[in-house]
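The chain contents come next:
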Amino acid sequence: MAQRLIIHVDLDYFYAQCEENANPSIHGKPVIVCVYSGRTSESGVVSTSNYEARKYSVKAGTAIATAKKLLVSTDAIFLPMNRPLYDSVSGRIMNILRDHGDFFEQTGIDEAYLDVSESSKGEYDVAKMIGSNIKETILLQEHITCSIGIAPNKLLAKLASNHVKPNGLTVVEPEQIHSFLDGQEVNRIPGVGKKVEEKLHASNVKTIDDLSRLSPIALQEMFGKKVGTYLFLAARGEDNEPVQDKELPTQMSRIGTLKENTRDYNVIRPVLSELTRSLIEKIQDEGLNCKSVSIIAILSNLTIQTRSRTLESHAKDLRTIDECAQQLLREFIESSPEAVLRRVGVKVTGLSKSSGQTNIESFFSTKVPR
Ligand code: TTP
Ligand code: CA
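What comes next is a walk through the structure.

Rules used throughout
- Residues numbered from 1 in each chain as written.
- Chains lettered and ligands numbered in written order.
- Predicted model: local features only at pLDDT ≥ 70, side-chain atom pairs only at ≥ 80, totals over all residues.
- Heavy atoms only, no water.
- Pairing = 2+ DSSP bridges.
- Helix = DSSP H or I, 4+ residues; strand = E, 2+ residues; numbered from the N terminus.
- Axes fitted to C-alpha atoms, helices over the stretch in contact; angles between N-to-C directions.
- 1 Å grid on protein atoms, 1.4 Å probe; cavity = no way out; pocket = protein on both sides within 12 Å on 5 of 7 lines; lining within 4 Å.
- Points joined across faces, edges and corners; volume = space filled by probe spheres on them.
- Nonpolar A, V, L, I, M, F, W, Y, C, P; charged D, E, K, R; others polar.
- Near = heavy atom within 4 Å.
- Polar contact = N/O pair within 3.5 Å; in protein donor to acceptor, adjacent residues only side chain to side chain.
- Areas by Shrake-Rupley, 256 points an atom, 1.4 Å probe, with all protein chains shown as cover.
- Donors = N, O, S within 2.8 Å, 3.2 Å for Na, K, Ca; no water.
- Tetrahedral: all angles 85-135°; square planar, octahedral: opposite > 155°, others 65-115°.
- Buried < 20%, exposed > 50% of the residue type's maximum accessible area, 1.4 Å probe, protein only.
- Contact = heavy atoms within 4.5 Å.

1. Focus on the sheet that holds strand 3 (residues 44-49)
Argument step 1. Spatially, the three strands line up as an open sheet ordered 3-2-4, and their pairing is mixed. Each of the sheet's edge strands pairs with one partner strand only, and the pair in question is strand 3 and strand 4 (77-80). Put simply, the sheet's adjacent strands are angled 35 degrees from each other on average, direction ignored.
Argument step 2. The sheet contact formed by strand 2 (residues 31-36) and strand 3 spans five bridges and is antiparallel. Pairing of Val35 across the sheet is with Val45, part of strand 3.

What follows is the structure, encoded as structure tokens:
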């Protein structure tokens, strides 16, 4: 299987760039998009600003009154938010992005992940061409610049898109992961907010390199199991989160009619196995795996019964899913002495894009960090 290749796209100073395009005369001036609270003409905060305004330290979250002071000597343009404009530009750009990935996941009004593992055949040069093509297309069609990160997973792709901005394209190949992460501040890690950052700083952990020296046990004691494990993996650039195409089907099924009504396990089992085989072929073709398996029993009186089981981890292999379906069938027949089946079916749910699974436990036996 080709190695995973993920692209993260983040549109530059998005609301302000939309405003520049809507009104070209403001180009080159500091542009500040404001959320006015309405109390006074200056109360409220900055939603975003263009890079001219950022030179004066005016950015998202700055009070409008402060921004006005900082920009007093300039011909800065202060504008109210025009969300319908940003939504329509975003919608068109997301459609462009959707066409460039095998899988697509929008994670904000101006950002999305693309899984290009298949289309790039795991080649970084090809992924880079896809990235350049995305930049050109968005610029040509919408006059919007973006920053792109290309890496083996979502975490690194997001860090990479943030690395060179605006209008950047940063590639992190597997052998560059450690040097890419080392000098970066811990607050660069997605999800590390003020509280986590303060706690880490108190332990003299400022950079991702510092973070990687903490043991998983220490991190779990500080932040609990979930966050501790996440930080431990993040410090190593590890992440197996799939790019979740929101338009993907979440379930698929196959149903077949038995030659005659029966409750004989040995008669029903081969029919169920054949349906499972066909279903698994389909999910494998789609590059998906599943989290739960169900059997569907349509009885001679046409009532429908289902039995489901959640798998220990996502799976797409015939053996795991077939065994699970057979066991559900056996249990169903044993627990329903009256049931005579007319049709039988199998369903897989919790479908997501296949990705290598990290065995988290393996990290806990690591003695030397990295
Ligand atoms: P960001 O991607 O965080 O910022 P940006 O696109 O303006 O700038 P950058 O070039 O650094 O990517 O957020 C996307 C949009 O979300 C932004 O244009 C405005 C909006 N936003 C807010 O309304 N409030 C906020 O605090 C932030 C951070 C963003
Ligand atoms: Ca952005």
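2. Brief notes about the layout of surface pockets
Over the atoms rolls a probe the size of a water molecule, and in doing so it shows where empty space is left.
Argument step 1. Taken as a whole, the second largest pocket holds about 430 Å³ of empty space.
Argument step 2. Looking at the second largest pocket, it is lined by 14 residues, and the ones nearest its centre are Ser47, Thr48, Arg54, Lys59 and Ala60.
Argument step 3. Counting residues per element, the ones that place at least two in the lining of the second largest pocket are strand 1 (6-11), helix 1 (14-22), strand 3 and helix 2 (51-54).
Argument step 4. For the lining of the second largest pocket, the per-class residue count stands at six nonpolar, two polar and six charged.

3. Digging into the site of ligand 1
Argument step 1. Taken together, 13 residues lie around ligand 1, and Tyr13, Thr48, Tyr51, Arg54 and Lys165 are the ones closest in.
Argument step 2. Arg54 is positioned with one of its side-chain polar atoms (N or O) 2.8 Å from an oxygen atom of ligand 1.
Argument step 3. Between Asp110 and ligand 1, the recorded distance is 3.0 Å, taken from a side-chain N or O atom to an oxygen atom.
Argument step 4. Look at ligand 1: alone it shows 550 Å² of surface, and the protein chains cover 66% of it.
Argument step 5. For the shell around ligand 1, the secondary structure elements donating two or more residues are strand 1, helix 1, strand 3 and helix 2.
Argument step 6. Of the residues assigned to the shell around ligand 1, the class counts are six nonpolar, two polar and five charged.

4. Details of the coordination of the calcium ion (ligand 2)
Argument step 1. Note on the calcium ion (ligand 2): its protein donors are Asp10 (OD), Leu11 (O) and Asp110 (OD). The metal-donor distances range over 2.1 to 2.3 Å.
Argument step 2. For the calcium ion (ligand 2), the six donor atoms in the first shell make angles of 81 to 172 degrees at the metal, a pattern classed as octahedral.
Argument step 3. Mapping the donors of the calcium ion (ligand 2) onto the primary sequence yields the spacing D-L-x98-D. Taken as a pair, Asp10 in strand 1 and Asp110 in the loop between strand 5 (103-108) and strand 6 (111-115) lie far apart in primary sequence, 100 residues in all.

5. Quick look at the environment of Ser300
Argument step 1. Inspection of the secondary structure assignment puts Ser300 in the loop between strand 10 (288-299) and strand 11 (304-315).
Argument step 2. For Ser300, a relative accessible area of 39% gives the class partly exposed.
Argument step 3. Counting along the chain gives 40 residues from Ser300 to Val340, while the straight-line C-alpha distance between them is 5.7 Å.
Argument step 4. Excluding anything up to four places from it in sequence, Ser300 contacts Asn261, Val340 and Arg342.

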